[in-house]
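Okay, here's what each chain looks like letter by letter:
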Amino acid sequence: MAKILITGAAGFIGSHTTDRLLASGHTVLGVDNLRSGHRRNLTPALAAPEFRLEEADVSAAGVLDALAKEFRPDAIIHLAALVSVQESIQDPELNHRLNITATERVAAAALAHGVRRIVFASSAAIYGDTTDLPIREETEKAPISPYGAAKLHSEGILLGLSAQGVTVRCHRYFNVFGPRQDPASPYSGVISIFDRRYREGKPVTIYGDGQQTRDFISVHDVARANEIAATKPGIAAGAANICTGRATSLLDIVKVFATHYPAVPPPSFAPARNGDIIHSLGRPDRAQAELGFRATVSVADGLGELIRTG
Ligand code: UD2
């Protein structure tokens, strides 16, 4: 069993990753400043003796160094981030601190304390608005936001540690959905927004004609990919898309919600958002080849679970 330090443990992906690692018998130290994460996401984890939550900002000097020194993790899963693309545009300095400085702290703590493995939450945002689909890892990287640029830069910082014997896996997540995703902002993940609206009995708004598609991946699959990358013996360093390879339109998503909520009025349509991309789709083959990971939760099943359990 391994000791894993998870930054951003109280977030959407972090809390599911924590739950999964604990269920497998690993010991987890979670670090989170609760800026966009919530303690309530860790309610099950906090009951486990193998889990501890440290409320701290991983971008602050000395924080990760002290924790890694004390805990001696086998791996760090670095998920803490400024997660809002909009916020990264409004406040590039904050983006720099939370998405780049924090990564540098992870790298330094790993080197100083002999951590052999790092898993990093990268993003399909590093590819920008490419129309060359499905997106392969070799597809041109052309981020169009400070957020995407910081994720790409962080990959470079971490992959550079390979020369020092640290195995780094960068996970380029596509559109992740599932329980605990925060619908608070209009720019939150569309499924979390739709889920809340249907629960409230209110119609959703579709920007554009609803035929735009995304590669939606369940957070449970993402947590499993994180576990594999952090604990599976003998894997090599590298970066891979974490996606399903399947495109789902917003109209398809709405159809599922409408079946579960027949009394909610049909969606209203509004003009497409500025800068919105029509289609996004990843090629999942590299994660399969390098990690033995393949997404198994269908959008229909994932949505069904979200609707039933929230
Ligand atoms: C992701 C990022 C976004 C930006 C974009 C760049 C997330 C959550 N968002 O957006 O910040 O980086 O990638 O490509 O990672 N929609 C509606 N109604 C709503 C909300 C959204 O129709 O109430 C549409 C939206 O216009 C888009 C689709 O749903 O066409 C998916 O939106 P999203 O924000 O969940 O994800 P995405 O990939 O557009």
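**Student:** Sorry, what's going on with the sheet that holds strand β11 (residues 238-242) here?
**Tutor:** Adjacent strands of a sheet form backbone hydrogen bonds with each other and so pair up, either parallel or antiparallel. In spatial order, the strands read β3-β2-β1-β4-β5-β6-β11; together these 7 strands make up an open sheet with parallel pairing. Edge strands, defined here as strands with exactly one partner in the open sheet, are β3 (51-55) and β11. Taken over all neighbouring pairs, the strand axes of this sheet differ in orientation by 20° on average, direction set aside. Pairing analysis gives 5 bridges linking strand β6 (residues 167-173) to β11, with the strands arranged parallel. The partner of Y173 across the bridge, within β11, is I242. Against the sheet, helix α3 (residues 63-71) contacts β1 (3-7), β2 (27-32) and β3, and its axis sits at roughly 165° relative to β1. Across the sheet, helix α8 (residues 219-231) lies against β1, β4 (75-78), β5 (117-123), β6 and β11, angled at about 150° from β5, the strand it touches most.

**Student:** Is there a simple way to explain unusual backbone geometry in this structure?
**Tutor:** Note: most peptide bonds trans; most residues except glycine with negative phi. In this structure, P134 follows L133 across a cis peptide bond, with omega equal to -5°. By the element assignment, P134 lies in the loop between β5 and α6 (146-159). We note that L34 has phi near 60°; this positive angle belongs to a residue other than glycine. Within the fold, L34 resides in the loop between β2 and α2 (43-46). A residue is classified by how much of its surface remains accessible, and L34, at 23% relative accessible area, is partly exposed. Although it is not a glycine, R180 sits at a positive phi angle of roughly 80°. Along the polypeptide, R180 turns up in the loop between β7 (175-177) and α7 (190-199).

**Student:** When you look at the site of the ligand in this model, what are you seeing that I'm missing?
**Tutor:** With respect to spatial proximity, 17 residues lie near the ligand, and among them V190, T205, Y207, R214 and D276 are the closest. V190 has a polar backbone atom sitting 2.7 Å from an oxygen atom of the ligand. Alone, the ligand offers 720 Å² of accessible surface; in the complex the protein occludes 80% of this. Broken down by secondary-structure element, the contributors of at least two residues to the shell around the ligand are α7 and β8 (205-207). For the shell around the ligand, the residue count by class is 9 nonpolar, 5 polar and 3 charged.

**Student:** Sorry, what's going on with the pattern of salt bridges here?
**Tutor:** Proximity of charged atoms lets side chains of opposite charge pair with each other. The final tally for this structure, using the stated rule, is 20 salt bridges. For R35, the salt bridge identified is with E87, shortest N-O distance 2.5 Å. Placement of the pair is R35 in the loop between β2 and α2 and E87 in helix α4 (residues 85-90), with a sequence separation of 52 residues. Residue classification places R35 among the partly exposed residues on the basis of a relative accessible area of 41%. Note that E137 and R286 form a salt bridge whose closest N and O atoms lie 3.8 Å from each other. Of this pair, E137 sits in the loop between β5 and α6 while R286 is found in helix α10 (residues 285-291), placing the two residues 149 residues apart along the sequence. The class for E137 is buried, based on a relative accessible area of 7%. With relative accessibility at 25%, the residue R286 sits in the partly exposed group. Several salt bridges converge on common partners, so that one network encompasses D132, R136, E137, E138 and R286.

**Student:** In this structure, what is going on with the environment of A263? I would like to understand it.
**Tutor:** Examined against the element boundaries, A263 turns out to sit in the loop between α9 (250-260) and β13 (268-270). By relative accessible area, A263 is classed as exposed at 78%. Through-space distance from the C-alpha of A263 to that of P203 is 10.0 Å; in sequence the pair is 60 residues apart.

**Student:** Sorry, what's going on with the packing of α3 against helix α5 (residues 92-112) here?
**Tutor:** A packed helix pair is summarised by two numbers, namely the angle formed by the two axes and the spacing between the axes. Between α3 and α5, the least distance of the axes is 9 Å, while the angle of their chain directions is 30°. Looking at the two axes, α3 sits roughly parallel to α5. α3 and α5 meet at a crossing whose hand is right-handed. From α3, L64, D65 and A68 reach across to α5, where they touch R105, V106, A109 and A112.

**Student:** Please clarify how the side chain of S15 should be interpreted in this entry.
**Tutor:** Residue position: S15 is located in helix α1 (residues 12-23). Within polar-contact distance, the side chain of S15 engages the backbone oxygen of F12 at 3.3 Å. For S15, the residues in contact, after removing those within four places along its chain, are A9, N41, L42 and R180.

**Student:** Where do I start with the packing of α7 against helix α11 (residues 299-309) in this structure?
**Tutor:** Two elements in contact, α7 and α11, have axes separated by 11 Å at closest approach and are oriented at 45°. When the axes of α7 and α11 are compared, the pair comes out oblique. At the point where α7 passes α11, the crossing takes the right-handed sense. Where α7 abuts α11, its residues I191, D195 and R199 lie against L303, L306, I307 and T309. Taken together, the residues of the contact of α7 with α11 break down into 4 nonpolar, 1 polar and 2 charged.

Calculation notes
- Residues numbered from 1 in each chain as written.
- Predicted model: local features only at pLDDT ≥ 70, side-chain atom pairs only at ≥ 80, totals over all residues.
- Heavy atoms only, no water.
- Pairing = 2+ DSSP bridges.
- Helix = DSSP H or I, 4+ residues; strand = E, 2+ residues; numbered from the N terminus.
- Axes fitted to C-alpha atoms, helices over the stretch in contact; angles between N-to-C directions.
- Contact = heavy atoms within 4.5 Å.
- Buried < 20%, exposed > 50% of the residue type's maximum accessible area, 1.4 Å probe, protein only.
- Near = heavy atom within 4 Å.
- Polar contact = N/O pair within 3.5 Å; in protein donor to acceptor, adjacent residues only side chain to side chain.
- Areas by Shrake-Rupley, 256 points an atom, 1.4 Å probe, with all protein chains shown as cover.
- Nonpolar A, V, L, I, M, F, W, Y, C, P; charged D, E, K, R; others polar.
- Salt bridge = Lys/Arg side-chain N within 4 Å of Asp/Glu carboxyl O.
- Parallel < 35°, antiparallel > 145°, perpendicular 65-115°, else oblique.
- Left-handed = near helix turned anticlockwise from the far one by under 90°.

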